[in-house]
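Residue-level listing of the chains:
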Amino acid sequence: RPVRLSFSACTLRALARLIDERGNIRVPFEFLPFIKKTTAYRAMSKTMLSHVFDTIERYRIEVSINFDTGDFFDETLYELIFQMISQHQKNASLLTIELLEDQEITDIDAIVQRIEKLRNLGAKIAIDDFGSGYSTFSYLLG
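Before going into details, it helps to say that this report is about the structure given with it. (Residues numbered from 1 in each chain as written. Predicted model: local features only at pLDDT ≥ 70, side-chain atom pairs only at ≥ 80, totals over all residues. Heavy atoms only, no water.)

### Comments concerning the overall build of the chain
Along its length, the chain carries five helices and seven strands. Tracing the chain from N to C terminus, the helices and strands come up as β-β-β-β-α-α-β-α-α-β-α-β. Of all 142 residues assigned to the chain, the portion counted as buried reaches 42%. Accessible surface computed for the chain: about 8,200 Å², of which carbon and sulfur atoms make up 52%. (Helix = DSSP H or I, 4+ residues; strand = E, 2+ residues; numbered from the N terminus. Buried < 20%, exposed > 50% of the residue type's maximum accessible area, 1.4 Å probe, protein only. Areas by Shrake-Rupley, 256 points an atom, 1.4 Å probe, with all protein chains shown as cover.)

If you want it as structure tokens, here you go:
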């Protein structure tokens, strides 16, 4: 299925949408819970990151993409994210990974280490607090 990028006045955000067999556009909460711990989710994440870096390279613009903290604890997925950013390190400063604040963090040290590894490659990390203006773990970004 095609990956689409949406544009807004202030930020380019990579957003996953699924087009079903009838041509209806499905938003993440309608399909992500069902594929979250599967290889399909990892493949989708890899495709999204590839499209993000293609867009960054083509247009030299900043792009953000969402991941949740659980993605950072999935060894295979985190390694995929790390490798993709490593491969595109010259443009990593134009990438912002927005961590969704939708789960409790049980291992603060591990998440901080993983955030720092991505920051060391040049990527930016932000917390997506769903517009609340308050984040329970924004202190992780220091």
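### Focus on the packing of helix 4 (residues 75–87) against helix 5 (residues 108–120)
Remark: helix 4 packs on helix 5, axes separated minimally by 9 Å, with the N-to-C direction vectors making an angle of 20°. When the axis of helix 4 is compared with that of helix 5, the two are roughly parallel. With respect to the hand of their crossing, helix 4 and helix 5 are arranged in left-handed fashion. Residues Glu75, Tyr78, Ile81, Phe82 and Ile85 of helix 4 pack against Arg114, Lys117 and Leu118 of helix 5. (Axes fitted to C-alpha atoms, helices over the stretch in contact; angles between N-to-C directions. Parallel < 35°, antiparallel > 145°, perpendicular 65-115°, else oblique. Left-handed = near helix turned anticlockwise from the far one by under 90°. Contact = heavy atoms within 4.5 Å.)

### Looking at the side chain of Arg114
Here Arg114 is to be found in helix 5. A distance of 2.8 Å separates the side chain of Arg114 from the side chain of Glu75, its partner in a polar contact. The residues contacting Arg114, other than those within four sequence positions of it, are Phe72, Phe73, Glu75 and Tyr78. (Polar contact = N/O pair within 3.5 Å; in protein donor to acceptor, adjacent residues only side chain to side chain.)

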